Amino acid sequence: MIVKNCFPGGLRKAVTFSFDDGVRQDLRLMEMFRKYGIKATFNLNSGLSGKEHDWEYRGIHVSRLSPEEIRESYGGFEIAVHTVHHPDLTVLSAEGVIQEVFQDRQALEALAGYPVRGMAYPYGTCSEGLTGLLRSLGICYSRTVKSTHAYGFPEDYLAWHPTCHYMEQDAPKLADQFLAMDSDRLSLFYLWGHSYELDGNDNWELMEEFCRKFGTAKDVWRASNMEIYLYMEALDRLVVSCDQKILFNPSAQDLWVTADGRPVKIEGGKTVRL
């Protein structure tokens, strides 16, 4: 008996998207995501709404969504912390970091109606000292902007490096290689960006092509950042007997494995005998 971990439905590949800043272009992007069944995480700054925080990007006017628009618009997607005012956290005191992260988390939870525990670092900057502090604030993962050009999982989810930014020259090739590969190990494609870049660089067609490819792929699990984190965390706690014929899932998360190539679901809190 050979038992191997897999994603829901017996899949071995997953994709997740992450976009920052909570700007008005998110509305069009979410419409596209919904069209193709793409799951995504949006990292928001709760303290920067209002015209005084607008800016220009390559001739495109950029403004953030209001709290009311955030509450009404992001249904079906994960909302995550991006700090209150978008500072470089590595230059702040511990007290400054706590204020920026905890207050953003608190404000977003009031809008989302669920615990907000994910995050993306402003400017992508992080340090070893930050990760321990974030953990104490209830943050369980945080994305950087350091591209791996790979399809693995982080050693520390509080320093979660994505596969690539959507505008990188190699991004389409990396996506095609990922979709074409056939591997026994769990693999993840992680794409990130800012939706205002799609306007400023006139490359909405490029993003739609990513969505079409991943949205129609039958062997890829589409998930938010948090869904990936929670699933992998639960897999780590799956208990397997010595002969691999008894599996106990101590988490509330349903899990999947393959047993000699056959998909098997282990419901949360249940034991399965193969």
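Here's what I pulled together on the structure shown here. (Residues numbered from 1 in each chain as written. Predicted model: local features only at pLDDT ≥ 70, side-chain atom pairs only at ≥ 80, totals over all residues. Heavy atoms only, no water.)

Relative to the helices and strands, Leu 44 is located in strand β3 (residues 40-44). In the structure, Leu 44 is positioned 73 residues away from Arg 117 in sequence and 12 Å away in space, judged by C-alpha atoms. Leave out the neighbours within four places in its chain, and Leu 44 touches Asp 21, Gly 22, Ile 70, Tyr 74, Ile 79, Ala 80, Val 81, His 82, Thr 83, Asp 104 and Leu 108. (Helix = DSSP H or I, 4+ residues; strand = E, 2+ residues; numbered from the N terminus. Contact = heavy atoms within 4.5 Å.)

What follows is about helix α1 (residues 25-36). Compared with an ideal rise of 1.5 Å per residue, which puts twelve residues at 16 Å, α1 spans 17 Å between its outermost C-alpha atoms and is within 8% of the ideal. Those residues of α1 lying buried are Gln 25, Asp 26, Leu 29, Met 30, Met 32, Phe 33 and Tyr 36. Mapping the buried residues of α1 onto a view down its axis gives an arc of 160 degrees, with all of them on the same face. Exposed residues lying more than 90 degrees from the buried face of α1 are Glu 31 and Lys 35. Of the residues one or two after α1, Gly 37 is the one with positive phi, at around 70 degrees. (Expected span 1.5 Å × (residues − 1). Buried < 20%, exposed > 50% of the residue type's maximum accessible area, 1.4 Å probe, protein only. Arc of directions from axis to C-beta.)

Bringing unusual backbone geometry into the picture now. Phi at Tyr 123 is positive, roughly 65 degrees, even though this residue is not glycine. Mapping Tyr 123 onto the fold places it in the loop between α3 (94-112) and α4 (128-136). Judged by its relative accessible area of 53%, Tyr 123 is exposed. The backbone of Gln 244 sits at a positive phi, close to 60 degrees, despite the residue not being glycine. By the secondary structure assignment, Gln 244 is in the loop between β10 (239-240) and β11 (246-248). Given the relative accessible area of 28%, Gln 244 is considered partly exposed.

Keep in mind these values describe shape, not function.
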